[in-house]
Amino acid sequence: MQRFDAAGAELVPGQRVRVRVTQQHRWGVMVEILGHEGIGASIDGAAIDSPSGTGRAWLGEYPAAGTEMDAVVQEIRRWSPPAWVRLTIRAEDLRSFQWLCDFCGTPTVLSPGGDGVVMDVRSADGPGSHAVVAHRECLRSRLHESSSEHARVDSVGRR
């Protein structure tokens, strides 16, 4: 079985990456993630700060084609082909990226040093995967008391 969902498996929400803008569109920009050029990626206008101070950037405010910059992975869609990465370049997200915990519904910090973790859910039945975001505490509290995974939830990603 061929698993398209392996594309970008080393990318996780909250991870900082370097991108190059390839095209501008009304809705946002297409980019390539440097070092991961074979994976589709984009940044919606709502994930770009507006120099004019509005809630989202507009076409004239998007970075120009050829611009290289840092971005943060928001989501990786791998439940149906092709795999696609949505990114953000908002200054606030570059400082500390937050996403809602899929267990409690409140924001968790996915940036390095944050309290969030990302689980990649896959099935032996076929290709496709999905990322589940959680506070470490929310995940830990849902594990059975006899599970040996409590310590791993606390330690994964920690140096």
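As a reminder, the structure under discussion sits directly above these lines.
Now for a description of the structure that goes with this document. (Residues numbered from 1 in each chain as written. Predicted model: local features only at pLDDT ≥ 70, side-chain atom pairs only at ≥ 80, totals over all residues. Heavy atoms only, no water.)

**Some words on the environment of Asp49**
Topologically, Asp49 is positioned in the loop between strand E3 (40–44) and strand E4 (68–77). Residue Asp49 is classed as partly exposed on the basis of its relative accessible area, which comes to 31%. Linking Asp49 and Ile89, residues 40 residues apart in sequence, is a C-alpha distance of 7.3 Å. Those residues in contact with Asp49 that lie beyond four places of it in its chain are Ala57, Ile89, Arg90 and Ala91. A polar atom in the side chain of Asp49 sits 2.7 Å from the backbone nitrogen of Ala91. (Helix = DSSP H or I, 4+ residues; strand = E, 2+ residues; numbered from the N terminus. Buried < 20%, exposed > 50% of the residue type's maximum accessible area, 1.4 Å probe, protein only. Contact = heavy atoms within 4.5 Å. Polar contact = N/O pair within 3.5 Å; in protein donor to acceptor, adjacent residues only side chain to side chain.)

**Considering the side chain of Arg140**
Along the polypeptide, Arg140 turns up in helix H2 (residues 136–142). At 2.4 Å, the side chain of Arg140 forms a polar contact with the side chain of Glu137. In this structure, Arg140 is in contact with His150, Val153 and Asp154, ignoring residues within four places of it in sequence.

**A short note on the pattern of salt bridges**
According to the stated counting rule, one finds 13 salt bridges in the structure shown. Linking Arg18 and Asp70 is a salt bridge whose minimum nitrogen-to-oxygen distance equals 3.2 Å. With a gap of 52 residues between them, Arg18 in strand E1 (residues 16–24) and Asp70 in strand E4 connect regions that are remote in the sequence. Residue classification places Arg18 among the partly exposed positions, given a relative accessible area of 36%. Across the salt bridge formed by Glu75 and Arg77, the nearest N and O atoms sit 3.9 Å from each other. Linked by salt bridges that have partners in common, Asp44, Glu75, Arg77 and Arg86 make up one network. (Salt bridge = Lys/Arg side-chain N within 4 Å of Asp/Glu carboxyl O.)

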